[in-house]
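Per-entry structural report
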Amino acid sequence: MTTADDRVYVIAEAGVNHNGELALARRLVEVAAEAGADAVKFQTFRAEALATADAPKAGYQQATTDGSESQFAMLRRLELSTEAHRELQALCRTRGIDFLSSPFDLQSLRFLTGELGLGTIKIPSGEITNGPLLLAAARSARKLIVSTGMSTLDDVREALGVLAFGFIRPAEARPSRQAFAAAFADAGGRRAVTERVILLHCTSQYPAPDDEINLRAMTTLHQEFATPVGLSDHSVGTAVPIAAAALGARVIEKHFTTDRALPGPDHRASLEPNELAAMIAGIRIVERAMGDGVKAPTASEADTARVARRSLAAIIAIGAGSKFSEANLGTLRPGTGISPMAYWDRIGQVAACDVAAGSLLPR
């Protein structure tokens, strides 16, 4: 994960929108690269390590897939092979876009950080209470992006405690909730968390209702934990992620697809290629528009100021030796003469020369 400090890192979330097909997954990489995303992210899991045979589907999954298919069967169908991961990573390298993935089990984590050599790992919202996975991720990855959907601040704090423990304690240290809390309270642990973790606010519904998105929670996360923050967005359209960029998001993740009409659990809540490109373009505009916060005239305003502002002017002809008064002194464009703020200082003074009606006072 490499980007300038003032640049939003945009993750195009392919997720499982490849429908288990490598060709479609490759096309998603191409779409993300063409749209200008910094990274494209997939999901790495083994169905047997993720769900029981009779685990129910979420409501949105039930509505968007075969209702008679179990969650386990759906997950098995959506797995990507290790070889497919290698091919996709190679394609990303060719296209100049980062390859990311979210591991959902320890074996998948080891594959991503070990065999594929990923230095940044994305922890999905559903795994924020998965202590063993969090600890292993902290010990194996340089950077962690952690989604916080469905979480309270206490949930996030406890997860960060696990990560702090993994960052600063030796491998032989005994894990426990007390040890995690102590590691997070330790100055070194907090420093490691702020340097190596990015927290993403998230509303884990697909699509997320506008009135449940709560973008201000990004600010709350930053104030509470001092980490960089961002948004894993499941809203409809592009307005919310662009607004998140204006609110200070350092990372924005958004699901995308080649076609919302495709079968599968996440397509309906995803952007199509032209929308993804428009979202990224909007985010880049916001980046440029944020500025440095200093209130001062810009270079491009100089010409406007000359035209739009006013100067002291003679409303009627003023002869040399006459006094300026409210009857003969007014303000006219352009703003290249004496500032109208000097109006009251000039009232009662004597004109040093003739000033024609409708002319600016000489400096």
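Right above here is the structure, for reference.
Description of the structure in this document.

**Some remarks on the side chain of S125**
Turning to its location among the elements, S125 is positioned in the loop between β4 (120–123) and α6 (131–140). A distance of 2.8 Å separates a polar side-chain atom of S125 from the backbone nitrogen of G149. Setting aside its immediate chain neighbours within four residues, S125 contacts S147, T148, G149, M150, C202 and S204.

**Things to note about the side chain of H18**
Relative to the helices and strands, H18 is located in the loop between β1 (9–15) and α1 (22–35). Polar side-chain contacts of H18 include one of 3.3 Å to the backbone oxygen of G15. Non-local contacts of H18, meaning those with residues more than four positions away in its chain, are made with L24, A25, L28, F42, L78 and L80.

**Section: the sheet that holds strand β3 (residues 98–103)**
One open sheet holds the 8 strands; their spatial order is β3-β2-β1-β8-β7-β6-β5-β4, and the pairing between them is parallel. Each of the sheet's edge strands pairs with one partner strand only, and the pair in question is β3 and β4. Across the sheet, the axes of successive neighbouring strands diverge by a mean angle of 25°, strand direction being ignored. Note: strand β7 (residues 229–233) against strand β8 (residues 251–255), 4 bridges, orientation parallel. In the sheet register, G230 faces β8, and the bridge partner there is V251. Across the sheet, helix α5 (residues 106–115) is in contact with β2 (39–44), β3 and β4; its angle to β3 comes to roughly 160°. On top of the sheet, helix α12 (residues 273–290) reaches β1 and β8; it is set at about 160° to β1, its chief contact.

**Here's the deal with the packing of helix α7 (residues 153–168) against helix α9 (residues 187–196)**
Taken N-terminus to C-terminus, the directions of α7 and α9 make an angle of 100°; their axes are 9 Å apart at the nearest point. The angle between α7 and α9 places the two elements in the roughly perpendicular class. Listed contacts from α9 to L160, A164, F167 and I168 of α7 are G188, G189, A192, V193 and R196. Grouping the constituent residues of the contact of α7 with α9 by class yields 6 nonpolar, 2 polar and 1 charged.

**A closer look at the packing of aromatic side chains**
A complete count under the given rule lists 5 aromatic pairs for this structure. Here F42 and F99 contribute two aromatic rings whose centre-to-centre distance is 6.0 Å and whose plane-to-plane angle is 25°, an arrangement assigned as stacked. Of this pair, F42 sits in strand β2 while F99 sits in strand β3, and the two are 57 residues apart along the sequence. Of the two residues examined, F42 and F99, each falls in the buried class.

**Brief notes about α7**
Between the first and last C-alpha of α7 there are 22 Å, a value that for 16 residues agrees with the 22 Å anticipated at 1.5 Å per step. Within α7, burial applies to V156, A159, L160, G161, V162, L163, A164, F165, G166 and F167. Tucked inside the fold, the buried residues of α7 contact α6, β5 (143–147), α8 (177–185), α9, β6 (197–202) and α10 (216–225).

**Describing the pattern of salt bridges**
Using the criterion set out here, one finds 20 salt bridges in the structure. Residue R46 pairs with E48 through a salt bridge whose shortest N-O separation is 3.5 Å. Under the relative-accessibility criterion, R46 is labelled partly exposed at 24%. Given the relative accessible area of 45%, E48 is considered partly exposed. Of the charged contacts in the structure, one is a salt bridge between D154 and R157, with a shortest N-O distance of 2.7 Å. Here D154 and its partner R157 are both found in helix α7, 3 residues apart, which amounts to about one turn of the helix.

So, how was this worked out
- Residues numbered from 1 in each chain as written.
- Predicted model: local features only at pLDDT ≥ 70, side-chain atom pairs only at ≥ 80, totals over all residues.
- Heavy atoms only, no water.
- Helix = DSSP H or I, 4+ residues; strand = E, 2+ residues; numbered from the N terminus.
- Polar contact = N/O pair within 3.5 Å; in protein donor to acceptor, adjacent residues only side chain to side chain.
- Contact = heavy atoms within 4.5 Å.
- Pairing = 2+ DSSP bridges.
- Axes fitted to C-alpha atoms, helices over the stretch in contact; angles between N-to-C directions.
- Parallel < 35°, antiparallel > 145°, perpendicular 65-115°, else oblique.
- Nonpolar A, V, L, I, M, F, W, Y, C, P; charged D, E, K, R; others polar.
- Phe/Tyr/Trp six-rings, centres within 6.5 Å; stacked < 30°, edge-to-face > 60°.
- Buried < 20%, exposed > 50% of the residue type's maximum accessible area, 1.4 Å probe, protein only.
- Expected span 1.5 Å × (residues − 1).
- Salt bridge = Lys/Arg side-chain N within 4 Å of Asp/Glu carboxyl O.

Geometry only, nothing functional implied.
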